[in-house]
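# Chain and residue survey
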Amino acid sequence: MTLEHYLILGAVLFCVGLLGALTRRNAVVVLFSIEIMLNAANLNFIAFWRFSENPEALQGPLFTLFTIAVAAAEVAVGLALVIAVYRHFKTVDLEQLDTLKEE
(Lines give C-alpha, C1' and ligand atoms only; values in the text may rest on other atoms or scores of the structure.)
Protein backbone atom coordinates (compact mmCIF):
# COMPACT_ATOMS: atom_id res chain seq x y z
CA MET A 1 0.00 0.00 0.00
CA THR A 2 1.14 3.52 -0.70
CA LEU A 3 0.86 6.69 1.34
CA GLU A 4 -2.13 7.77 -0.73
CA HIS A 5 -4.08 4.69 0.30
CA TYR A 6 -3.53 5.43 3.98
CA LEU A 7 -4.45 9.09 3.53
CA ILE A 8 -7.66 8.18 1.70
CA LEU A 9 -8.57 5.73 4.45
CA GLY A 10 -7.83 8.40 7.08
CA ALA A 11 -9.97 10.93 5.22
CA VAL A 12 -12.86 8.47 4.95
CA LEU A 13 -12.64 7.64 8.67
CA PHE A 14 -12.51 11.33 9.56
CA CYS A 15 -15.55 12.09 7.38
CA VAL A 16 -17.51 9.21 8.91
CA GLY A 17 -16.65 10.47 12.39
CA LEU A 18 -17.56 14.05 11.49
CA LEU A 19 -20.86 12.94 9.97
CA GLY A 20 -21.66 10.96 13.11
CA ALA A 21 -20.73 13.83 15.42
CA LEU A 22 -22.84 16.35 13.51
CA THR A 23 -25.93 14.27 12.79
CA ARG A 24 -26.47 12.03 15.82
CA ARG A 25 -28.48 13.04 18.86
CA ASN A 26 -27.19 10.44 21.31
CA ALA A 27 -24.30 11.76 23.41
CA VAL A 28 -22.54 8.39 23.54
CA VAL A 29 -22.61 8.06 19.74
CA VAL A 30 -21.19 11.58 19.43
CA LEU A 31 -18.31 10.59 21.75
CA PHE A 32 -17.63 7.48 19.66
CA SER A 33 -17.66 9.60 16.50
CA ILE A 34 -15.07 11.93 17.99
CA GLU A 35 -12.93 8.88 18.80
CA ILE A 36 -13.17 7.76 15.17
CA MET A 37 -11.95 11.20 14.10
CA LEU A 38 -9.00 10.97 16.50
CA ASN A 39 -8.13 7.50 15.18
CA ALA A 40 -8.17 8.88 11.63
CA ALA A 41 -5.66 11.53 12.69
CA ASN A 42 -3.51 8.86 14.36
CA LEU A 43 -3.57 6.80 11.17
CA ASN A 44 -2.29 9.83 9.26
CA PHE A 45 0.48 10.45 11.82
CA ILE A 46 1.69 6.86 11.49
CA ALA A 47 1.41 6.88 7.68
CA PHE A 48 3.42 10.08 7.34
CA TRP A 49 6.02 8.73 9.78
CA ARG A 50 6.28 5.39 7.96
CA PHE A 51 6.76 6.97 4.54
CA SER A 52 9.07 9.76 5.73
CA GLU A 53 12.74 10.00 4.84
CA ASN A 54 13.80 9.29 8.44
CA PRO A 55 11.51 6.67 10.04
CA GLU A 56 14.11 5.96 12.74
CA ALA A 57 13.23 9.25 14.47
CA LEU A 58 9.98 7.82 15.98
CA GLN A 59 8.16 11.17 16.13
CA GLY A 60 5.01 9.68 14.55
CA PRO A 61 4.56 6.85 17.07
CA LEU A 62 5.37 9.11 20.02
CA PHE A 63 2.84 11.73 18.96
CA THR A 64 0.30 8.98 18.32
CA LEU A 65 0.83 7.55 21.81
CA PHE A 66 0.31 11.03 23.24
CA THR A 67 -2.97 11.49 21.34
CA ILE A 68 -4.16 8.04 22.44
CA ALA A 69 -3.54 9.03 26.07
CA VAL A 70 -5.44 12.29 25.58
CA ALA A 71 -8.28 10.38 23.89
CA ALA A 72 -8.48 7.96 26.82
CA ALA A 73 -8.77 10.87 29.24
CA GLU A 74 -11.40 12.46 27.00
CA VAL A 75 -13.44 9.25 27.00
CA ALA A 76 -13.24 8.94 30.78
CA VAL A 77 -14.36 12.52 31.37
CA GLY A 78 -16.96 12.40 28.59
CA LEU A 79 -18.59 9.22 29.83
CA ALA A 80 -18.60 10.55 33.40
CA LEU A 81 -20.42 13.65 32.16
CA VAL A 82 -22.89 11.54 30.16
CA ILE A 83 -23.64 9.43 33.25
CA ALA A 84 -24.13 12.56 35.39
CA VAL A 85 -26.44 14.13 32.79
CA TYR A 86 -28.41 10.89 32.45
CA ARG A 87 -28.90 10.66 36.21
CA HIS A 88 -30.24 14.20 36.30
CA PHE A 89 -32.31 14.43 33.10
CA LYS A 90 -33.01 10.70 32.48
CA THR A 91 -31.95 11.07 28.83
CA VAL A 92 -28.82 11.34 26.71
CA ASP A 93 -30.62 12.91 23.74
CA LEU A 94 -28.67 16.07 22.97
CA GLU A 95 -31.71 17.93 21.60
CA GLN A 96 -33.54 17.54 24.90
CA LEU A 97 -30.54 18.83 26.88
CA ASP A 98 -30.88 22.50 26.03
CA THR A 99 -30.31 23.86 29.52
CA LEU A 100 -27.91 23.35 32.38
CA LYS A 101 -30.31 24.86 34.91
CA GLU A 102 -32.30 22.66 37.21
CA GLU A 103 -35.98 22.84 36.41
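Throughout, residues of each chain are indexed from 1 in the direction in which the sequence is written. A pLDDT threshold of at least 70 governs which residues receive local features in this predicted model, and a stricter bar of 80 or more applies before side-chain atom pairs are shown or counted, although totals over entire chains, interfaces and linings include all residues. To obtain the side-chain values, all non-hydrogen atoms of the structure were used and water was disregarded.

## Focus on the overall build of the protein chain
Heads up, the rule is: The numbering of helices and of strands both runs from the N terminus, where a helix is a DSSP run of H or I of at least 4 residues and a strand a run of E of at least 2. Relative accessibility decides the category of a residue: with a 1.4 Å probe and only protein chains considered, values under 20% of the type maximum give buried, values over 50% give exposed, and everything between is partly exposed. When checking whether two residues touch, look at their non-hydrogen atoms; a contact exists if any pair is within 4.5 Å. Accessible areas in this description were obtained via Shrake-Rupley with a 1.4 Å probe; residue shielding takes into account the shown protein chains only.
Check the secondary structure of the protein chain and you find 3 helices and 0 strands. Secondary structure elements of the protein chain occur, N-terminal to C-terminal, as α-α-α. Every one of the 103 residues in the protein chain was classed for burial, and the buried ones make up 20%. Considering only intrachain contacts with a sequence separation of at least 6, the fraction spanning at least 24 residues in the protein chain is 56%. Just so you have it, the protein chain exposes about 7,500 Å², and 69% of that area is on carbon and sulfur atoms.

## Details of helix H3 (residues 59–89)
We apply this condition: Take the number of residues in a helix, subtract one, and multiply by 1.5 Å to get its expected span.
End to end, H3 covers 44 Å across 31 residues, agreeing with the expected 45 Å (1.5 Å per residue, within 8%). Along H3, the residues classified as buried are Gly 60, Thr 64, Thr 67, Ala 71, Gly 78 and Val 82. Lys 90 lies just past H3 and shows a positive phi near 60°.

## Side note on the pattern of salt bridges
Put simply, the rule reads: Should a side-chain nitrogen of Lys or Arg be within 4 Å of a carboxyl oxygen of Asp or Glu, the pair is scored as a salt bridge.
If you walk through the whole model with that rule in mind, you get 1 salt bridge. In this structure, Asp 93 and Arg 25 form a salt bridge, with 3.9 Å as the shortest nitrogen-oxygen distance. Of this pair, Asp 93 sits in the segment after H3 while Arg 25 sits in the loop between helix H1 (3–23) and helix H2 (27–50), and the two are 68 residues apart along the sequence. Residue classification places Asp 93 among the buried residues on the basis of a relative accessible area of 16%.

## Description of H1
Heads up, the condition is: What the arc measures is the spread of directions leading from the helix axis to the C-beta atoms.
Across its 21 residues, H1 extends 30 Å between first and last C-alpha, which sits within 8% of the 30 Å expected from 1.5 Å per residue. Buried within H1 are the following residues: Leu 3, Gly 10, Gly 17 and Gly 20. Mapping the buried residues of H1 onto a view down its axis gives an arc of 125°, with all of them on the same face. Across from the buried face of H1, at angles greater than 90 degrees, the exposed residues are Ile 8, Leu 19 and Leu 22.

## Structural notes on the confidence of the model for the protein chain
Here is the rule we go by: Values of pLDDT, ranging from 0 to 100, describe the predictor's confidence in every residue of the model.
Chain-level pLDDT for the protein chain is 88 on average; 94% of the residues reach the 70-or-more range. Mean pLDDT values over the elements of the protein chain span from 88, in H3, up to 95, in H1.

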